[in-house]
Amino acid sequence: MSDTQANSLAERLVARFGDTLSKVETVRGETTAELAPADLLAVATALRDEAEFRFEELVDVCGVDYLGFGQDEWETATVSGTGFSRGVTGQAQGRFSWSERPNVTGTPRRFASVMHLLSLTHNRRLRLRVYAEDEAMPMVPSVTGIWPIANWFERESFDLYGIVYEGHPDLRRILTDYGFVGHPFRKDFPLIGNVEVRYDPEKQRVIYEPVTSVVPRVLVPRVIREDADLQQARAEAADNWREN
Amino acid sequence: MSAQEIRNYSMNFGPQHPAAHGVLRLVLEMDGETVVKADPHIGLLHRATEKLAESKPYNQSIGYMDRLDYVSMMCNEHGYVRAIENLLGIEAPIRAQYIRTMFDEITRILNHLMWVGSNALDLGAMAVFLYAFREREELMDCYEAVSGARMHATYYRPGGVYRDLPNQMSQYRESPWHKGKDLKRLNQWREGSMLDFLDAFTDDFPTKVDEYEELLTNNRIWKQRTVGIGVVSPEHAKAWGMTGAMLRGSGIEWDLRKKQPYAAYDQVDFDIPVGVNGDCYDRYLVRMEEMRQSNRIIKQCVKWLRENSGPVMLSNYKVAPPSREEMKRDMEALIHHFKLFTEGYGVPAGESYAAVEAPKGEFGVYMISDGANKPFRVKVRAPGFAHLSSMDSIVSGHMLADVVAMIGTYDIVFGEVDR
């Protein structure tokens with residue numbers, strides 16, 4: 001997959017779909033297109049069937065929760081004069097339990113469904129991103145009618161992120177336990193989980209109870225350095241950056 | 001005689017069934033012996049690998065990748081490491097690329113040996129399993145020789161591989177079980193380096209594949225259980241996003257190693273076997289041939305690695321740790337080492353999807369970074385998950401015993417299906 005091919009793919013996408021795609025970009029040879037949920041089915045059908053695209057295979061559908069994107073927990077710019085800690089109290093997923101979970105509302109464009117398409121005919125890949133409009137009840141149309149393989153991928157995304165795929169024939173949980181509460185991959189779901197199980201000798205059965213055996217903790221804080229694009233790091237490492 | 005009412009009934013298959021390959025629970029709606037609907041229940045081995053990866057610096061999750069598809073460990077690492085390398089804009093040195101190619105192929109043989117053994121076992125042939133594990137043992141010793149671990153190696157790192165190949169292959173010691181002539185036979189390939197060992201192994205391995213084929217390829221029972229069973233048409237395979245041997249068994253020549261080459265695959269010579277009928281038997285033949293082709297690739301890599309030396313890791317200390325000696329005399333190196341192992345390295349904001357041709361199909365890692373030292377989102381695209389989802393569309397109309405043949409031919413491992 002050479003750059004010229006990918007570039008021309010981006011151009012062709014713009015030429016064919018115009019303003020329907022809110023953003024088309026090619027970074028490192030990977031083309032990404034963003035579009036509104038309402039346009040997804042028409043665009044996806046065209047991408048699969050039209051000769052210049054022919055994305056016969058849907059490789060992956062994946063939910064993303066953009067809550068807290070770009071937030072860190074470690075002060076890198078200034079040193080505190082009052083103590084040793086540079087720690088910033090954050091709501092990182094390791095720092096709270098189920099009962100203390102943050103109540104987050106009003107984060108626009110929080111959930112997205114990302115699809116990866118593959119064209120066997122043209123040997124090309126394309127990434128489609130659809131942001132759900134309502135973060136309280138994220139909804140995205142289902143592409144199961146176009147690529148049947150989407151069935152389980154969308155069930156997974158629903159299970160882990162609570163993204164509802166409209167028109168999905170069988171939107172059940174898939175990975176989590178029967179009767180599970182919550183969507184565990186959301187950023188406001190604690191890393192230690194919400195319930196734990198143990199065998200109760202008195203009741204003589206396995207019981208569920210709130211997690212007490214694990215204490216929420218963060219071993220390595222999340223750090224975003226000023227040089228996040230590694231410009232300076234590249235310069236320092238000089239010739240050694242890419243290869244020896 | 002009064003008319004009898006005949007009803008379909010549901011049957012529970014697994015999660016504790018020897019042919020369920022782990023923890024698959026299948027709820028089958030049966031009409032007599034015929035399957036009407038199959039509903040696989042998965043997730044019994046769900047460990048939230050992706051969420052755990054979000055909570056750790058990049059390098060600390062490499063070990064989790066081994067534990068996804070736990071019979072093709074290094075291929076998983078390769079996908080993960082490549083996603084990081086894409087985002088960082090680094091590339092492993094050429095020797096590391098060859099080592100990765102070689103170990104990807106060793107892994108492919110490991111995986112296919114496990115597959116042929118357990119699939120034959122499911123379908124009633126005990127002996128193949130014992131034969132296959134004989135060679136698996138040798139190859140796992142190679143894993144151990146480079147990484148210290150027989151399975152979960154954590155050998156690939158962003159920027160190369162953990163260390164160079166060992167000069168001395170480990171040998172069997174004398175014990176009540178291995179002694180005298182037996183010990184001598186076991187150690188005859190192990191006198192020299194690991195490359196010498198692999199040289200001897202690859203010379204010998206095609207005859208071993210002949211042995212497996214002798215047991216199965218013309219075996220009447222094997223053919224009765226696999227020919228014409230679980231036929232996947234090319235259109236069906238595309239619609240259900242199949243990759244790897246599942247796709248090639250249906251006659252579509254698609255292999256990422258050829259089509260979107262990575263590591264040193266564009267430097268080595270090999271062929272892509274494809275099937276004709278798309279049934280379980282064709283997929284069996286494809287995988288057997290893939291083992292022979294992997295053997296060829298390993299041979300070429302061994303030859304190249306013998307002739308060319310060089311670094312196996314970048315000397316870019318922002319990403320790769322400095323050597324022990326360097327740390328002892330250079331303050332800068334010590335600081336880099338400290339930062340790398342306490343905080344890790346930041347990865348520029350962006351997203352990347354890196355796919356490798358794992359033994360089971362396309363293993364992909366989609367990674368989103370926001371510039372921090374931990375990934376913002378890691379999504380593992382496991383081939384087994386995609387394949388298993390097509391179960392219902394393939395097995396309905398088949399007999400119950402064919403469900404077992406189908407589970408076998410998917411080559412699923414629950415570590416990657418459930419993640």
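Reading the values: the criteria
- Residues numbered from 1 in each chain as written.
- Chains lettered and ligands numbered in written order.
- Predicted model: local features only at pLDDT ≥ 70, side-chain atom pairs only at ≥ 80, totals over all residues.
- Heavy atoms only, no water.
- Phe/Tyr/Trp six-rings, centres within 6.5 Å; stacked < 30°, edge-to-face > 60°.
- Helix = DSSP H or I, 4+ residues; strand = E, 2+ residues; numbered from the N terminus.
- Buried < 20%, exposed > 50% of the residue type's maximum accessible area, 1.4 Å probe, protein only.
- Domains from an automatic or database assignment.
- Buried area = accessible area lost by both parts, 1.4 Å probe.
- Salt bridge = Lys/Arg side-chain N within 4 Å of Asp/Glu carboxyl O.
- Polar contact = N/O pair within 3.5 Å; in protein donor to acceptor, adjacent residues only side chain to side chain.
- Nonpolar A, V, L, I, M, F, W, Y, C, P; charged D, E, K, R; others polar.
- Expected span 1.5 Å × (residues − 1).
- 1 Å grid on protein atoms, 1.4 Å probe; cavity = no way out; pocket = protein on both sides within 12 Å on 5 of 7 lines; lining within 4 Å.
- Points joined across faces, edges and corners; volume = space filled by probe spheres on them.

Draft legend 1. Fine view of the packing of aromatic side chains. All names here are of chain B. This model, assessed by the stated rule, comprises 24 aromatic pairs over all chains. Ring centres of W115 and Y284 lie 6.4 Å apart, and the angle between their planes is 35°; this geometry places the pair in the tilted category. Of the two residues, W115 sits in helix α4 (residues 94–122) while Y284 sits in helix α12 (residues 280–307), which places them 169 residues apart along the sequence. For the pair shown, W115 and Y284 are each scored as buried.

Draft legend 2. Highlighting the domain arrangement of chain A. Residue and element names in this part refer to chain A. Domains assigned within chain A are domain 1 (1–66 + 106–175) and domain 2 (68–103 + 186–244). For domain 1, the biggest contributors to the area lost against domain 2 are D65, Y66 and R110; these three give 68% of the whole. Here R110 and D188 are joined by a salt bridge, their closest N and O atoms 3.3 Å apart. Where domain 1 meets domain 2, there are 5 residue pairs in polar contact (both at pLDDT 80 or more). When the residues that make up the side of domain 1 that touches domain 2 are grouped by side-chain class, the tally is 5 nonpolar, 1 polar and 2 charged.

Draft legend 3. The arrangement of α4(B) in detail. Residue and element names in this part refer to chain B. Its 29 residues give α4 an end-to-end C-alpha distance of 42 Å, which sits within 8% of 42 Å, the value for a rise of 1.5 Å per residue. Within α4, 26 of the 29 residues are buried, which leaves the element mostly enclosed by the surrounding structure. In the segment just after α4, G124 is the residue with positive phi, at about 100°.

Draft legend 4. Region of interest: the pattern of salt bridges. Taken as a whole, this structure holds 53 salt bridges over all chains when the rule is applied. The salt bridge involving A:D170 is made with A:R172; its shortest N-O contact spans 2.9 Å. Between B:E343 and A:R225 there is a salt bridge, and its shortest N-O distance comes to 2.5 Å. Residue B:E343 is found in the loop between α14 (331–342) and β6 (350–358), and its partner A:R225 is found in the loop between β9 (205–210) and α4 (231–237); the two belong to separate chains. Through salt bridges with shared partners, one network takes in A:K23, A:E25, A:E30, A:E34, A:R127, A:R129 and B:E351.

Draft legend 5. Spotlight on the layout of surface pockets. For the second largest pocket, the calculated volume is near 1000 Å³. For the lining of the second largest pocket, the secondary structure elements donating two or more residues are β2 (30–35), β4 (111–119) and β5 (124–131) of chain A together with α3 (73–88), α4 and β6 of chain B. Top contributing element to the lining of the second largest pocket by residue count: α3(B), with 6 residues. By residue class, the composition of the lining of the second largest pocket is 17 nonpolar, 9 polar and 12 charged. Formed jointly, the lining of the second largest pocket draws a minimum of three residues from each of two domains, domain 1 (1–66 + 106–175) and domain 2 (68–103 + 186–244) of chain A.

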